[in-house]
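Residues per chain, in single letters:
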Amino acid sequence: MNQKYFKLILILLSAGVLMTSCGGINRTYQRPDLKTDGLYRDINTADSTGIGSLPWKTVFNDPDLQNLIQEGLSKNIDLLVAIERVKEAEATLTQSNSALYPSLNAGVNAVITHSKASSKAPQPGYSDITLSSSWEIDLWGKLRSNKRAAVAALLESEAYKKFVQTELISSIANSYYSLLALDKQLAITQKTVENRIADVKTMKELKESAVTTGAAVVQSEASRYAAEVTIPDLEKNIRETENALCVLLGRNPGTIKRSTLDEQKQPDTLQTGVPALLLSNRPDVMESEYALRYAFEKTNVARAYFYPSVTISAIGGLSNTSIDKIFSGALFGNLIGGLTQPIFNQGVNKARLKITQAQQEEALLNYKKALLNAGQEVSNALYSYQTALNKGEVRNKQIESLNKAVEYTMDLLKYGRANYTEVLTAEQNLLYAQLSSVSDKLQQLQTTVSLYRSLGGGWK
């Protein structure tokens, strides 16, 4: 092999290194300096860790709920799709990594000559076996940037999987708590109907004693039916919530094994952690940053297209004029170096660069938006939780007073010193307060779920 080939390649490499030193083409990614001060509005915390760092089994300690979450993590369709996306990104990364190495191809050629004008048998022709290789020298970092973009895409897909997992856990928990709340409301309503049936009986006895009138009896019956008519809707809501929860679990519609609302316990404190931790803990924020890194590397790739590509090609093998003696043929080989400089496609290159730069800026804005949305959700969840606690304290006092009101007005009615309208008003107010108390408890549980999710909890 002649030395002139090596001289040519050395010249190409030297020229490439010289141009690389002058360009600064390939730039290094750095995380944007986003301010997180005041991200939780008026809620300041110096905690280095928060509820978002806890395993989900620590936050959700109900055994039935834990079983449901575990089932969802193994069978939920959306999560399985996210896992396939990760596999796809891994294959893309492998493909990008292969571009950094030389390609190698093998070939076999054979030619047999034959003339129709001749009566002789076909004559042997020539044959050869070749191995060829081509390698693009990554002087400008185009291939390496493509590889880093593929790494960012893989990390983005993994962050998406984590995001789907946190959303799944919170959805299962919220649906489970909603189911328990509906159970409690149904039980309260059924108990209310029993009490109203007893009221009807009492009203009939008082009418016979001339303490009340027939109007009070009819009114008590109407009050009983008003409570009873809400039961079918509650049962329908329970069934629909069970079915929705089954979809999250990847199973056919059916009943859900569960405990009761009164058995639910929450973490003693809801620490949030410093806002900056959202950058490394919340999956959708991580996903948006990896999308930014991907766009950044693609901009590097687009910038590299303005510079010449250097390719080294080699071919070698065996050649013989006789097919049956191919392996005893002569060896041959060539080594070729090439430098290709884009000339007439500068418009395409400029357009490509503008597109990737715009996509990079778009990704940066989405990253900022994701962080702002995360801060909003944390702030809302904390305030909503505190609101639910405050409401719960007042609601308990209200229910206590209304229980006494029902008791007192019923006693006064028996002695003819009150009418049934007063009793009915007290009973309706008590029912409303009891049902609202269930909603308050549900709000506490669901805002805990919301806070856990908004702080990136559930994927560790």
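## Details of the overall build of the protein
Looking only at helices and strands, one finds 11 helices and 4 strands in the protein. In the protein, the share of contacts with a sequence separation of at least 24, taken over all contacts with a separation of at least 6, comes to 83%. Accessible area of the protein: about 25,700 Å², with a carbon and sulfur share of 55%.

## Focus on the pattern of salt bridges
Per the stated rule, a full pass over the model turns up 18 salt bridges. Ionic pairing is found between E289 and R31, a salt bridge with its closest N-O pair at 3.1 Å. Of this pair, E289 sits in helix α9 (residues 283-304) while R31 sits in the loop between α1 (3-23) and α2 (56-59), and the two are 258 residues apart along the sequence. Here the residues in one salt-bridge network are E167, R282, D284, E377 and R453, joined through shared partners.

## Looking at a nonpolar patch on the surface
On the surface, a cluster of nonpolar side chains totalling about 260 Å² of accessible area is made up of I77, L80 and V81. Here L80 lies in helix α4 (residues 77-98).

## Remarks on the side chain of T299
The topology assignment puts T299 in helix α9. Here the side chain of T299 touches A295 through a polar contact of 3.0 Å, landing on its backbone oxygen. A polar side-chain atom of T299 sits 2.9 Å from a polar atom in the side chain of Q360. Not counting residues within four places of it along the chain, the set of residues in contact with T299 comprises L353, T356, Q357 and Q360.

## Regarding the confidence of the model for the protein
Per-residue confidence for the protein gives a mean pLDDT of 79, with 73% of residues at or over 70. Contacts of residues 16-23 to residues separated by more than four positions or lying in other chains number 6 contacts, the stretch itself having pLDDT below 50.

## Points about the packing of aromatic side chains
What the rule picks out here adds up to 3 aromatic pairs. Ring geometry for Y29 versus F296: centroids 5.6 Å apart, planes at 75°, classification edge-to-face. In this pair, Y29 sits in the loop between α1 and α2 while F296 sits in helix α9, placing the two residues 267 residues apart along the sequence. Ring plane angle 85° and centroid distance 5.7 Å describe the contact between F60 and Y452, whose orientation is recorded as edge-to-face. Of this pair, F60 sits in the loop between α2 and α3 (63-75) while Y452 sits in helix α11 (residues 420-454), placing them 392 residues apart in sequence. Lying over the aromatic face of Y160, R85 brings its terminal NZ or CZ to 4.1 Å of the ring centre. Directly above the ring of Y305 sits R352, whose terminal nitrogen or CZ lies 3.9 Å from the centroid.

## Details of α3
Here α3 spans 18 Å end to end across 13 residues, near enough to the 18 Å set by a 1.5 Å rise per residue. Where α3 is concerned, the buried positions are D64, L65, L68, I69, E71, G72 and L73.

## Quick look at the side chain of E427
Assignment of secondary structure puts E427 in helix α11. Note on E427: relative accessible area 8%, which makes it buried. In this structure, E427 is in contact with R196, D199, V406, M410 and Y420, ignoring residues within four places of it in sequence.

## Some words on the nonpolar core
Of all hydrophobic cores here, the largest spans 59 residues; its most connected members are F60, L65, I69, I172 and Y177. Of all the secondary-structure elements, those providing two or more residues to this core are α2, α3, α4, α5 (142-208), α7 (231-249), α9, α10 (346-414) and α11. Not counting residues within four places of it along the chain, the set of residues in contact with I69 comprises W56, F60, I169 and I172. Listed in part, the 9 residues of the second largest apolar core include M203, A216, V217 and V423.

## Focus: the environment of L455
Here L455 shows up in the segment after α11. Residues L455 and A374 lie 81 residues apart in sequence; the distance between their C-alpha atoms is 7.6 Å.

## Here we look at the packing of α5 against α9
Angle between the axes and distance between the axes: these two values describe a pair of packed helices. Between α5 and α9, whose axes approach to 8 Å, the crossing angle comes to 165°. Here α5 lies roughly antiparallel to α9, going by the angle between them. Helix-helix and strand crossings are classified by hand; for α5 and α9 the assignment is left-handed. When the residues that make up the contact of α5 with α9 are grouped by side-chain class, the tally is 14 nonpolar, 4 polar and 9 charged.

## A word on unusual backbone geometry
Its identity is not glycine, yet A210 carries a phi of approximately 65°, on the positive side. On the secondary structure map, A210 appears in the loop between α5 and α6 (214-228). Judged by relative accessible area, which is 68%, A210 ranks as exposed.

## Here we look at α9
Owing to its 3.6 residues per turn, the α-helix aligns residues three or four sequence positions apart on the same side. Taking 1.5 Å of rise per residue, the 22 residues of α9 would be expected to cover 32 Å, and the 32 Å separating its terminal C-alpha atoms lies within 8% of that figure. In terms of residue burial, α9 counts as a mostly covered element, since 18 of its 22 residues are buried.

Reading guide: rules and limits
Residues numbered from 1 in each chain as written. Predicted model: local features only at pLDDT ≥ 70, side-chain atom pairs only at ≥ 80, totals over all residues. Heavy atoms only, no water. Helix = DSSP H or I, 4+ residues; strand = E, 2+ residues; numbered from the N terminus. Contact = heavy atoms within 4.5 Å. Areas by Shrake-Rupley, 256 points an atom, 1.4 Å probe, with all protein chains shown as cover. Salt bridge = Lys/Arg side-chain N within 4 Å of Asp/Glu carboxyl O. Patch = residues over 30% accessible without salt bridge, like charges linked within 9 Å, V, L, I, M, F, W, Y side chains within 5 Å. Polar contact = N/O pair within 3.5 Å; in protein donor to acceptor, adjacent residues only side chain to side chain. pLDDT = per-residue confidence, 0-100. Phe/Tyr/Trp six-rings, centres within 6.5 Å; stacked < 30°, edge-to-face > 60°. Lys NZ or Arg CZ within 6 Å of the ring centre and 35° of its normal. Expected span 1.5 Å × (residues − 1). Buried < 20%, exposed > 50% of the residue type's maximum accessible area, 1.4 Å probe, protein only. Core = buried A, V, L, I, M, F, W, Y, C linked by side-chain atoms within 4.5 Å. Axes fitted to C-alpha atoms, helices over the stretch in contact; angles between N-to-C directions. Parallel < 35°, antiparallel > 145°, perpendicular 65-115°, else oblique. Left-handed = near helix turned anticlockwise from the far one by under 90°. Nonpolar A, V, L, I, M, F, W, Y, C, P; charged D, E, K, R; others polar.

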